[in-house]
Amino acid sequence: MLTEAMIRKQVSEAAKKARQTTPLAGSITNFVTVDFVANAQLAVGGSAAMVYLPDEARSLVRLGSSFYINVGTLLPVYAESVPAAMDEAAATDKPWVLDPVALGIGTLRTELLQHARSCHPAVIRGNASEIIALADLWKLSHGGGAGVRGVDATDTVEAAETAAIALARYTKGAVAVSGKKDLITDGTHVLTAEGGSPLMEKVTGCGCSLGGVIAVYAAVTDPFTAACCGTFAYNLAGESASSVADGPASFKSAFIDNLYTLTDKLDTAKFSLTEV
Ligand SMILES: Nc1ncnc2c1ncn2[C@@H]1O[C@H](COP(=O)(O)OP(=O)(O)OP(=O)(O)O)[C@@H](O)[C@H]1O
Ligand SMILES: Cc1ncsc1CCO
Ligand SMILES: [Mg+2]
């Protein structure tokens with residue numbers, strides 16, 4: 001069983017290791033926020049590369065230390081490249097992070113997210129509605145939710161707790177649910193974290209880039225610690241950026257600056273831990 005002190009130590013060590021080793025975390029991610037994802041990955045010490053084609057996805061999984069798949073904007077080629085990346089990650093035992101953006105709005109998205117089930121993502125990161133919808137799609141029993149409506153959440157993080165636990169138990173990895181408060185679970189522990197800023201809802205890609213950052217950390221530590229590292233970094237950087245920002249645009253640049261400087265203070269994050 002983990003203690004609060006163990007988590008603080010683990011996140012500090014992982015943040016340091018990411019900075020020292022510059023792990024490559026490749027991505028297939030959406031066109032809206034691709035630049036934010038890459039810059040956030042670099043700010044925390046990682047290395048980024050984005051691909052779209054099936055053979056390049058397979059190569060990048062093999063070349064990198066982890067991988068990130070975000071299904072935010074799909075094109076026909078993704079019908080091949082996304083399963084190729086998932087299969088390669090599973091076959092080579094590379095930790096990979098899934099963001100099931102807007103699950104339910106189209107058939108390809110549903111098929112790809114169904115395919116993910118057999119490829120066991122190390123970390124699933126999404127907003128509450130996406131996490132509930134994924135547990136439904138994978139037919140894992142949980143409490144239910146209001147359903148996905150586009151890319152923004154219509155459910156609270158608390159409402160997604162049982163779905164998150166069910167997903168984590170199934171993958172034997174971790175699940176990170178983002179929102180005003182964040183919830184992280186490995187199916188045994190449930191951690192609730194605080195911080196960030198309401199301005200994070202006014203900048204697109206805070207969630208997408210958080211997934212990319214968690215992939216960087218998944219290259220150097222276990223899935224639960226990786227999810228904690230990313231979430232703590234976002235809460236610290238977001239809270240601090242809101243004190244200097246005039247609005248969403250200046251918030252975003254202050255936020256990336258803070259990711260760069262605050263990742264050596266991850267042990268100061270606000271969180272509480274329970275067991276299930
Ligand atoms: N009201 C809020 N207060 C504090 N932090 C927030 C708030 N809303 C979101 N966040 C933070 O923003 C980050 C992204 O979470 P969010 O739930 O907005 O993701 P998302 O909906 O998937 O975003 P996107 O799809 O635009 O990338 C997380 O670090 C979360 O803690
Ligand atoms: C706005 C948007 N649309 C598809 S992906 C994306 C980024 C936030 O998820
Ligand atoms: Mg999102």
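Residues numbered from 1 in each chain as written. Chains lettered and ligands numbered in written order. Predicted model: local features only at pLDDT ≥ 70, side-chain atom pairs only at ≥ 80, totals over all residues. Heavy atoms only, no water.

Focus on the UniProt feature "binding site: substrate" (unreviewed entry) in the protein
With numbering matched to this structure, UniProt assigns "binding site: substrate" (unreviewed entry) to Met50 and Gly205. Beyond its immediate sequence surroundings of up to four residues, Met50 is in contact with Ser27, Thr29, Val34, Val37, Ala38 and Gln41. The residue Gly205 is located in the loop between β8 (189-194) and α8 (206-218) in this model. Setting aside chain neighbours within four positions, we find Gly205 in contact with Thr33 and Phe36. (UniProt positions renumbered as here; feature names shortened; annotations may be inferred. Contact = heavy atoms within 4.5 Å. Helix = DSSP H or I, 4+ residues; strand = E, 2+ residues; numbered from the N terminus.)

With respect to the UniProt feature "binding site: ATP" (unreviewed entry) in the protein
On the UniProt side, "binding site: ATP" (unreviewed entry) is annotated at positions that read Arg125 and Ser178 here. Spanning 54 residues, the named residues form one tight spatial group whose C-alpha atoms are at most 7.5 Å apart. By the secondary structure assignment, Arg125 is in strand β5 (residues 123-127). In this structure the side chain of Arg125 is engaged in a polar contact, spanning 2.9 Å, whose partner is the side chain of Asp99. Residue classification places Ser178 among the buried residues on the basis of a relative accessible area of 17%. Contact partners of Ser178, with chain neighbours within four places excluded, come to Arg125, Gly126, Asn127, Ala128 and Val157. Among the polar contacts listed, one links the side chain of Ser178 to the side chain of Arg125, at a separation of 2.8 Å. (Polar contact = N/O pair within 3.5 Å; in protein donor to acceptor, adjacent residues only side chain to side chain. Buried < 20%, exposed > 50% of the residue type's maximum accessible area, 1.4 Å probe, protein only.)

What to know about the sheet that holds strand β3 (residues 66-70)
The sheet built from 9 strands is open, its strands ordered β2-β1-β3-β4-β5-β6-β7-β8-β9 with mixed pairing. Two strands close off the open sheet at either side, each with one partner strand: β2 (47-50) and β9 (270-275). Here the strands of the sheet are splayed against their neighbours by 20° on average, with no regard to which way each runs. Alignment of β8 against β9, held across 6 bridges, turns out to be antiparallel. The residue of β9 that forms the bridge with Val190 is Thr274. Packed onto the sheet, helix α7 (residues 161-171) meets β5, β6 (174-178), β7 (182-185) and β8 and runs at close to 30° relative to β7. (Pairing = 2+ DSSP bridges. Axes fitted to C-alpha atoms, helices over the stretch in contact; angles between N-to-C directions.)

A word on the side chain of Thr225
Looking at the secondary structure, you find Thr225 in helix α9 (residues 223-242). Among all residues touching Thr225, those that are not within four sequence positions of it are Gln10, Val11 and Ala14.

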